[in-house]
Amino acid sequence: MGAQFDRRGRPFRDLRISVTDRCNMRCDYCMPADVFDANHEFLPRSDLLTFEEIEEVVISLIPHGLKKVRITGGEPLLRRNLEVLIRMLSKHSLDLALTTNGLLFTSRAEALANAGLNRVTFSLDSLDPVTFERITGKSGHSIQRIIEGIEKAVTLGLSPVRINSVIRRGVNEADIERLIERFQHLPVALRFIEFMDVGNHNRWDLASVVPSEEIRKHVEERWVLQPTPSLHSGQVAQHWSLDSDTGFEVGFISSVTEPFCGDCNRARLSANGHIYTCLFATSGHDLRPVLRNPKGLETVTEQFHTIWSEREDRYSELRAQPRSPTAIYLPRVEMSYIGG
Ligand code: SAM
Ligand code: SF4
Ligand code: SF4
């Protein structure tokens, strides 16, 4: 079986796997502390896919064209023995990446690299301790721990090491320059992400979005940017190299102002085994009945064939239209559940 195409002719290539819906941060744009509080019901542990089940899903999707797997969450490093899963998945010749907030990374870095992890993306929105704490609910002292994690990932060759930063108006615009100044001497890609209306609780409004174009112009007032060629279709970020010889790059993920649905080749697997074909989906497809029924006739490979061939999602393009259909405003799954 070759690559499989959806109704809009998009191939399947990329799977994001959420291994937990829990997190040790409470970023206000993702898991606001007043919503994700002591009363919030996280998934019971018994609902989580086992590592064996996750591997089975991955194996089942390879015939459909799967090339890249990203482990995410919630905070994936909260999942016990994550290294074991990485080792299991590393046998399948896929590009294997991890997205983390970096709090727990340094002490696990060598074990993850030895297990076969190829790359890491860190999320870091501010280098200012007060702003960092206001966004994440964590002490500003954590910034240093995250930076150590980034440096460790570079040393271990988990490259390209990426740093994702969500810039919001009136919150952390000053970090655009601060982050470049701090990281331009490292061979990392710093990517500015437009604030998205994922989930139902992050109090998104268009006025808080700082368009990539605006950030790029701001950066160009101080630094010279050279466009770098994109590696493949489906790449979400446009990257630019800075006038430096360290390999440092700046990237922009413009999901709001320049939707890239036309190239979107990504599916998401939630921690409890639901496949979502869009970050803004209102419902998913539960794989567990098939996964957990060895006597059943249908396989995950067959189930996924139907899911992908019926896929039509293009939420970000619809959002950008002047009068979007009201259906797109139905309650959506949360980013921490579906996997960012
Ligand atoms: N906890 C890990 C982390 O923060 O890297 C992995 C999961 S997190 C959901 C993945 C990415 O989604 C992070 O880089 C985060 O900044 C991004 N994200 C979460 N909510 C977002 C939003 N509303 N708009 C844009 N990016 C968002
Ligand atoms: Fe946690 Fe990542 Fe969401 Fe922040 S962005 S709350 S670190 S899952
Ligand atoms: Fe892909 Fe959905 Fe995002 Fe469009 S809105 S790029 S289809 S995840």
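Note that the structure is predicted; figures quoted are calculated from it, not measured.

## With respect to the overall build of the chain
Phase 1: A count of helical and extended segments in the chain gives eleven helices and twelve strands.
Phase 2: Its C-alpha radius of gyration of 19 Å places the chain within 12% of the 20 Å reference for a compact globule of 340 residues.
Phase 3: Its C-alpha atoms give the chain principal-axis dimensions of about 60 × 50 × 45 Å.
Phase 4: When burial is assessed residue by residue, the chain has 54% of its 340 residues classed as buried.
Phase 5: When the 41 basic and 45 acidic side-chain charges of the chain are each reduced to a single mean position, those positions are 3 Å apart.

## Describing the nonpolar core
Phase 1: Leu15, Ile17, Ile71, Phe105, Ile150, Phe183 and Phe192 are the most contacted members of the largest nonpolar core, which has 101 residues in total.
Phase 2: When near neighbours in sequence (up to four residues on either side) are disregarded, phenylalanine 105 contacts Leu77, Leu98, Thr100, Leu112, Val120, Phe122, Gly149, Ala153 and Leu158.

## Some words on the site of ligand 2
Phase 1: Near ligand 2 the following residues occur: Cys23, Met25, Cys27, Cys30, Met31, Gly74 and Asn101.
Phase 2: Across the shell around ligand 2, the residue classes break down as five nonpolar, two polar and no charged.

## Structural notes on the environment of phenylalanine 105
Phase 1: Note that phenylalanine 105 resides in helix H3 (residues 105-115).
Phase 2: The spatial distance from the C-alpha of phenylalanine 105 to the C-alpha of isoleucine 150 is 8.5 Å, given a sequence separation of 45 residues.

## Some remarks on the environment of aspartate 6
Phase 1: Following the sequence through the fold, aspartate 6 ends up in the segment before strand S1 (14-18).
Phase 2: A sequence separation of 248 residues divides aspartate 6 from serine 254, and the C-alpha atoms of the two residues are 23 Å apart.
Phase 3: There is a polar contact of 2.7 Å between the side chain of aspartate 6 and the side chain of arginine 10.
Phase 4: Only 2.9 Å separates the side chain of aspartate 6 from the side chain of arginine 311, close enough to count as a polar contact.

## Side note on the pairing of S1
Remark: a regular strand shows side chains that alternate across the two faces of the sheet.
Phase 1: With respect to burial, S1 is a largely interior element, five of its five residues being buried.
Phase 2: Every second residue of S1 is oriented toward a common face, with Asp14, Arg16 and Ser18 on one face and Leu15 and Ile17 on the other, all of them buried.
Phase 3: In the sheet, S1 pairs with strand S2 (residues 68-72) via five bridges, with the strands oriented parallel. Paired with serine 18 across the strands is threonine 72, a residue of S2.
Phase 4: One crossover worth recording links S1 to the parallel S2 by way of helix H1 (residues 51-61), and it is right-handed.
Phase 5: With four bridges joining them, S1 and strand S10 (residues 266-269) adopt parallel strand pairing. What sits directly across from isoleucine 17, in S10, is leucine 269.

## Topic: the sheet that holds strand S5 (residues 161-167)
Sheet strands line up and pair through hydrogen bonds in the backbone, either parallel or antiparallel.
Phase 1: A sheet is described by the order of its strands in space; here twelve strands give the open sequence S7-S8-S9-S6-S5-S4-S3-S2-S1-S10-S11-S12, paired in mixed fashion. For this open sheet the edge positions go to strand S7 (225-227) and strand S12 (285-286), each flanked by a neighbour on one side alone.

## Section: the site of ligand 3
Phase 1: The immediate surroundings of ligand 3 are formed by Phe260, Cys261, Cys264, Cys278, Leu279, Phe280, Arg311, Asp313, Tyr315 and Ser316.
Phase 2: Here the shell around ligand 3 is built from residues that sort into seven nonpolar, one polar and two charged.

About the thresholds
- Every residue gets a number counted from 1 within its own chain, in the order that chain's sequence is written.
- Here chains are named by letter from A upward and ligands by number from 1 upward, in the order in which they appear as written.
- Only residues with pLDDT of at least 70 get local features here, since the model is predicted, and only at 80 or more are side-chain atom pairs given and counted; chain-wide, interface and lining totals rely on the full set of residues.
- The side-chain numbers reported here are obtained from all heavy atoms of the structure, hydrogens and water having been left aside.
- The helix and strand labels rest on DSSP assignments: H or I over at least four residues marks a helix, E over at least two residues marks a strand, and numbering proceeds from the N terminus.
- The globule rule is 2.2 Å times the number of residues to the power 0.38, and the radius of gyration it is compared with is taken over C-alpha atoms.
- Relative accessibility thresholds used throughout: buried, under 20% of the residue-type maximum; exposed, over 50%; partly exposed, between the two (1.4 Å probe, protein chains only).
- Asp and Glu count as negative and Lys and Arg as positive, but His and the ends of the chain are not part of the count.
- For this purpose, a charge sits on NZ of Lys, CZ of Arg, CG of Asp or CD of Glu.
- As used in this record, nonpolar core signifies buried Ala, Val, Leu, Ile, Met, Phe, Trp, Tyr and Cys residues forming a set joined through side-chain atoms within 4.5 Å.
- We call two residues contacting when some pair of their heavy atoms lies within 4.5 Å.
- Whether a residue is near a molecule or strand is decided by its heavy atoms; if any one of them lies within 4 Å of it, the residue is near.
- Polar here means any residue other than Ala, Val, Leu, Ile, Met, Phe, Trp, Tyr, Cys and Pro, which are nonpolar, and Asp, Glu, Lys and Arg, which are charged; Gly is therefore polar.
- The definition of a polar contact used here is a pair of N or O atoms within 3.5 Å, where within protein one atom must be able to donate a hydrogen and the other to accept one, and adjacent residues in sequence count solely through side-chain atom pairs.
- In short, DSSP must find at least two bridges between two strands for them to pair.
- We call a crossover right-handed when, viewed with the strands running away from us, the connection from the first strand over the helix to the second turns clockwise.

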